[in-house]
Amino acid sequence: MSDLTLRILHLFPRTLGMNGESGNVDILRRRASSRGIAVEITRLEPGVAVPLQVDLVFIGSGPVSAEVQAHPGVADVAPGLRLLAQQGVPFLAVGAGFQLLGETVTLADGTVLAGAGVFPVRTVIAGERVVGDFVVESRLGTLVGFENRGSYIDIGDAAPIGHVVYGRGNLAASGPGAGASAAAAAASDGSSTGATLVAPDARVEGFWVDNLIGTHLHGPVLANNPALADWLLETALARRASTALPPATPDLVEIDRRAAEARATIAAAPLSE
Amino acid sequence: MGFRTATAILVGRAVRVAARLRGGGSAIPGTIALKIAPTFLEDTISRIPLGVVAVSGSNGKSTTTNMLAAILREHGLKVFTNPSGGNLPQGIASAVLASVSVTGVLDADIAILEVDEGYGPKITKMLKPTTVLLLNIQIDQLNRYHEPDRVVRMLEQVAGSSTRALILNRDDNHLVDLDKRLPGTREVTFFGASPELISGAAHGVASADRFDEGHIDAGAREAEVTVTDVGDLQAVLAIDGRDVAVRLPARGLHYALDAAGATATAKAILGDTFRPGLVTAALGGLSTVYGRGELLQVGDESIEIIMMKNPASLQLNLDSLQSAPEQVFMAVDEGTPDPSWIYDIDLSNLDHIDVITGSKAWQFATRFGYADIPVGTVDLDVREALKLFLALPRPTMGRKTMILNYEQMMSIRKILGFKELEGGGQ
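Residues numbered from 1 in each chain as written. Chains lettered and ligands numbered in written order. Predicted model: local features only at pLDDT ≥ 70, side-chain atom pairs only at ≥ 80, totals over all residues. Heavy atoms only, no water.

Peer 1: How do you make sense of the overall build of chain A when you look at a structure like this?
Peer 2: Summing up its helical and strand segments, chain A has eight helices and twelve strands in all. Residues classed as buried in chain A amount to 55% of the 273 residues present. Split by element, the accessible area of chain A, about 10,200 Å² in all, is 55% carbon and sulfur. (Helix = DSSP H or I, 4+ residues; strand = E, 2+ residues; numbered from the N terminus. Buried < 20%, exposed > 50% of the residue type's maximum accessible area, 1.4 Å probe, protein only. Areas by Shrake-Rupley, 256 points an atom, 1.4 Å probe, with all protein chains shown as cover.)

Here you go:
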């Protein structure tokens, strides 16, 4: 494994770097380097072309003002990013970054921003903001984070990351008792023993098709969910060198034990505003 | 004074006495007074002769309000102020109840009010301040305000409500030209620190990033009061070409900037009667505000409290540590609902954590794992964790350190037997 260097592309780290998002990249780096895999990180700000040799792409989140600020840079990177996506390079896109890599983002004043077209999703900035703990049941088990969004994202018929156990998810929930606060009330109702924490409808979160993952889980998302980080590294390694990800080293085992406790703590008593 | 306000005073004061006998319940009397008389604050505070001064910003409101009140008192003014943390309408109303006469008169020349950013527009619309002091706009409580731009807009409304004077931090990315975006006219002055001090601080003034283009750079305004040197617990302020040494409540450039802001505001209020020399006397006599660099005496040990209200306050407080603290306790709970930002913090001034507690403890323990900072014990039971920490042998430096969020600072003070609660009456 000595001559293998994993190349991570971090898009727009300055504009979309608020609220710990860069932690996701630090976590990927650490989880690779502890296992003896060297990592090279390219921080790409708007106005620079996408490099051709990339093994993993990350883009973080930020407020709407930062999203608008980052948007002019999207057109320049769009063709390069779509090529990487077609080649099977794994992507993790969070919040505003996920929205900008979609097809369109409609702002509150009706302005429509063209996205990079990597994800076949459309965002509308609208609706009541949801702020609170976020629990999602995925194929990697329970994912936990923090939800803080004032937008809807339509993924069409594509597969989500998973079902919402607590929180709102991609769209306004429909059906009786399906508001975010109603779900919160239902989920936190009663004592901790035997309380049902399943949201009362079929709400889903994010996007996960093939190598592409988009989400509004914050925390940062990889901090609480190391399985997701390892899936990204595994996918990158398999594609790059048909190599398996070595098992977690003792330092990672201890970190993952703590993250499991963090997930359990949040999932046992999620809260929202 | 109307019948409603008179009733509000009588009932509110009775509730206040009852609440104090039970030990706590600080904002309740104010809440009740405002229910009875919605114009309670206007009816009482607006009658103060020199009017209202509003102090707002992300960090340092309590400390600066305390400093400004002291400087004005040193100049002979009678000051009405709200106790630290009591910066919502009900908290201010509770403070009024503590000092108002039954006829609705506050015995004060001027009111200095710490104002919450979120309630700022509402409070200043009610109270029409003559003077507004804005300290900083930092990444704060994203779960509450969602984005810094919203805080900027709220503080613009607060600033625009001032009728006479506006005092701004020139070293803040958003405040440096905030005056240019306001309608109306008023006297505008700035405070700040020397460029050397700003560039020498590990993370500057931790001002929130600004994403619009073509604006004036932070620092590029002439300051009326400038911090020119910062020592362990003191700083030098340049005021009208004169160097004035002042004592700070705790280490750090951010406290020196608070002192500069308070001084510049006192100067704007007092005009020709302002005396730089009185600033030294005023700030020398202050005690620290709860949890802001405070030292608690527990038995024969002292415990230094580092508050982590938000990323900026934690980063600046960590930056001001002179060496890695010998024994460290950390408690964080739901008062910090989304601790994602701990991944933005440079933690290198810590070399270990002895005990972590509070409902967010495991998220912090995970973060410390990634930062390679060893963690002793994680125990979600705050009392047990506290017991464990207090039982550690006496540190050779004679001081234990606690890093706490606001809610845990309040509850741990209570557990340790410090009864007075922030936001309460005097």
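Peer 1: Is there a simple way to explain the domain arrangement of chain B in this structure?
Peer 2: All names here are of chain B. For chain B, the domain assignment lists domain 1 (3-284) and domain 2 (295-415). On the side of domain 2, 17 residues touch domain 1, which itself brings 18 residues to the contact. At the boundary of domain 1 with domain 2, total buried surface from both sides reaches about 1,300 Å², with 49% on carbon and sulfur atoms. A per-residue breakdown of the area domain 1 buries against domain 2 is headed by H203, R251 and H254, which together make up 43% of the total. Taken together, domain 1 and domain 2 are joined by zero salt bridges. (Domains from an automatic or database assignment. Contact = heavy atoms within 4.5 Å. Buried area = accessible area lost by both parts, 1.4 Å probe. Salt bridge = Lys/Arg side-chain N within 4 Å of Asp/Glu carboxyl O.)

Peer 1: Looking at this model, I keep getting lost on the sheet that holds strand β15 (residues 399-404) of chain B. Mind explaining?
Peer 2: Strand pairing within a sheet occurs via backbone hydrogen bonds; the two strands may be parallel or antiparallel. Residues and elements named next belong to chain B. Overall, mixed pairing links the six strands, which are arranged β10-β11-β15-β12-β13-β14 in an open sheet. Taken across any chain shown, the strands that pair with only one partner, and hence form the sheet edges, are β10 (295-298) and β14 (375-378). Each neighbouring strand pair of the sheet contributes to a mean axis angle of 25 degrees, computed without reference to strand direction. Most of the contacts of helix α12 (residues 311-319) go to strand β11 (residues 301-307), to which it runs at about 135 degrees, and overall it touches β11 and β15. Each of β12 (328-331), β13 (353-357) and β14 touches helix α13 (residues 361-370); the most contacted strand, β13, lies at about 150 degrees to it. (Pairing = 2+ DSSP bridges. Axes fitted to C-alpha atoms, helices over the stretch in contact; angles between N-to-C directions.)

Peer 1: Explanation requested: the interface of chain A and chain B in the structure shown.
Peer 2: Many descriptions give the size of an interface as the accessible area lost when the pieces come together. Facing 36 residues of chain A, the contacting portion of chain B comprises 31 residues. With both chains or domains summed, chain A and chain B bury close to 2,900 Å², and 55% of this area falls on carbon and sulfur atoms. Connecting chain A to chain B are one salt bridge. Between D372(B) and R30(A) there is a salt bridge, with its nearest N and O atoms 3.1 Å apart. Of all the elements in the fold, those that place two or more residues in the side of chain A that touches chain B are α1 (22-33), α2 (64-70), β7 (122-138), β8 (141-154), α6 (221-224) and α8 (250-268) of chain A. Of the residues contributing to the side of chain A that touches chain B, the split by class is 14 nonpolar, twelve polar and ten charged. (Nonpolar A, V, L, I, M, F, W, Y, C, P; charged D, E, K, R; others polar.)

Peer 1: How should helix α3 (residues 74-86) of chain A be read in this particular structure?
Peer 2: One turn of an α-helix holds 3.6 residues; hence residues three or four places apart share an orientation. Residue and element names in this part refer to chain A. With 13 residues, α3 should cover 18 Å at 1.5 Å per step; its first-to-last C-alpha distance of 18 Å lies within 8% of that length. At G80, α3 shows its maximal kink, close to 30 degrees. Of the residues trailing α3, G88 is marked for its positive phi of about 90 degrees. (Expected span 1.5 Å × (residues − 1). Bend = angle between axes of the 7 residues up to and from the residue.)

Peer 1: Help me understand the UniProt feature "binding site: substrate" (unreviewed entry) in chain A in this model?
Peer 2: All names here are of chain A. If you check UniProt for "binding site: substrate" (unreviewed entry), the listed places come out as R129 in our numbering. In this fold, R129 is placed in strand β7. Look at R129 and you get partly exposed, because its relative accessible area is 30%. Within the local environment of R129, its side chain forms a polar contact with the side chain of N148, the two groups lying 2.8 Å apart. (UniProt positions renumbered as here; feature names shortened; annotations may be inferred. Polar contact = N/O pair within 3.5 Å; in protein donor to acceptor, adjacent residues only side chain to side chain.)

Peer 1: How do you make sense of the side chain of D333(B) when you look at a structure like this?
Peer 2: Residues and elements named next belong to chain B. When you line up the elements, D333 lands in the loop between β12 and β13. Salt bridges are absent for the buried D333, whose nearest opposite-charge side chain, K360, sits at 8.7 Å. Here the side chain of D333 touches N405 through a polar contact of 2.9 Å, side chain to side chain. Of note is the side chain of D333, whose polar atom sits 2.9 Å from the side chain of Q408. Beyond its immediate stretch of four places on either side in the chain, D333 contacts S359, K360, N405, E407 and Q408. (Lys, Arg positive; Asp, Glu negative; His and termini not counted.)

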